[in-house]
Amino acid sequence: MNDISTSDASSADAPALARLFTESYLHQWTTTPQQMERRIAVQAEGQFTLSAFRGSELIAGLSASPFPGVTGGLRVQFAGDGAAFTPLYLAALTRASGQGFRQLLSVVREDHRPQVAFLSAAAFRNAYQSWGAHLDLTAFDFAPYRELEERLFLAGTEIHSFTPQSPDAPWDALYALHQAAVQDTPRNPTTSSEMATLREFRTEVAGGRVFAAVRRGDVLAYAALGLNEKTVESNHTATRREWRGRGVATLTKAAALHWAKTAGYTRASTGGNVHNLPMLKVNQRLGYRPEAMWLTWVKDVALTSPA
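Everything quoted here is computed from the prediction, not taken from an experiment.

Draft legend 1. Expanded view of the overall build of the protein. Across its full length, the protein holds nine helices and 13 strands. Across its three principal directions, the C-alpha atoms of the protein cover 70 × 40 × 35 Å. Within the protein, the proportion of its 307 residues that are buried is 46%. Considering only intrachain contacts with a sequence separation of at least 6, the fraction spanning at least 24 residues in the protein is 72%.

This is the structure:
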């Protein structure tokens, strides 16, 4: 490690860092040079980007930002040559301690092997597990759900669709259902969506589409889709307690996927806490194929005493 140096990232590092982060996370998400440059430019406390060099060659990077929903939590993500992870970690640890952060957290997939190996060796604990899954919408067939659709329709239940701008959408009822579902759903910092107000809920679904099972004016279930080029993301799904296990969530989500396919989207993705078995079963019935598990690693930080 003696030949590896670390420093705050500069705008000149942005293209190389963007490539390293995209490749290191197996293109699960893509970081562009412009996005990386904006990230480097941010000067807020707890948000920083580090570069690691061997000689003049940039070989690795670390991105840090406060972890939403975790008081005193700092998220650190490593990319590039694993030989540089230790000096990057030590630099980030020093800064986190001095700024009052109490925990470091890092979210990686099981097959992000260099990151998993380092976090395990550095005594992070694998505190939370989440699942992700994908669906080929071009092969999705709504036909198996027609009978369920007809049965629920005869009982007075219809599937309605709303855009975030729909003035007639039952926003209060949708948000109330979200709040109730949060109390019953297994949670961890990675999968929890903190929406404390109706305004935050509507901001969360902005740019997407919401599908709801409605019976005589009452919302029984909803599924919110995020829209991104040719991909739809199932952001969150909720069902009223007394209607769970009766196919309402399955039909609502199936209708959402049918709409997405008809609208020209080709791929769907979703995910959640590994302990949320009802939602796992719904997605399995719909044909989602699980990917490698997502792991949230946590390490406590010893705070630096003021001088």
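Draft legend 2. Geometry of the pairing of strand β13 (residues 294–300). When you tally the buried positions in β13, you get five out of seven residues, the bulk of the element. In the sheet, strand β5 (residues 103–109) pairs with β13 via seven bridges, with the strands oriented antiparallel. Residue pairing across strands places Ser 106 opposite Trp 297, the latter belonging to β13. In the sheet, strand β6 (residues 125–136) pairs with β13 via five bridges, with the strands oriented antiparallel. Paired with Arg 125 across the two strands is Val 298, which belongs to β13.

Draft legend 3. Region of interest: the packing of helix α5 (residues 146–154) against helix α8 (residues 248–262). It is at 10 Å that the axes of α5 and α8 come closest, and there the two elements cross at 120°. Taken together, the axes of α5 and α8 are oblique relative to one another. The way α5 lies across α8 gives a crossing that is left-handed. Only Val 248, Leu 251 and His 258 of α8 make contact with α5, whose side of the interface consists of Arg 146, Leu 148, Glu 149 and Leu 152. Tallied by class, the residues present in the contact of α5 with α8 amount to four nonpolar, one polar and two charged.

What counts and how
Residues numbered from 1 in each chain as written. Predicted model: local features only at pLDDT ≥ 70, side-chain atom pairs only at ≥ 80, totals over all residues. Heavy atoms only, no water. Helix = DSSP H or I, 4+ residues; strand = E, 2+ residues; numbered from the N terminus. Buried < 20%, exposed > 50% of the residue type's maximum accessible area, 1.4 Å probe, protein only. Contact = heavy atoms within 4.5 Å. Pairing = 2+ DSSP bridges. Axes fitted to C-alpha atoms, helices over the stretch in contact; angles between N-to-C directions. Parallel < 35°, antiparallel > 145°, perpendicular 65-115°, else oblique. Left-handed = near helix turned anticlockwise from the far one by under 90°. Nonpolar A, V, L, I, M, F, W, Y, C, P; charged D, E, K, R; others polar.

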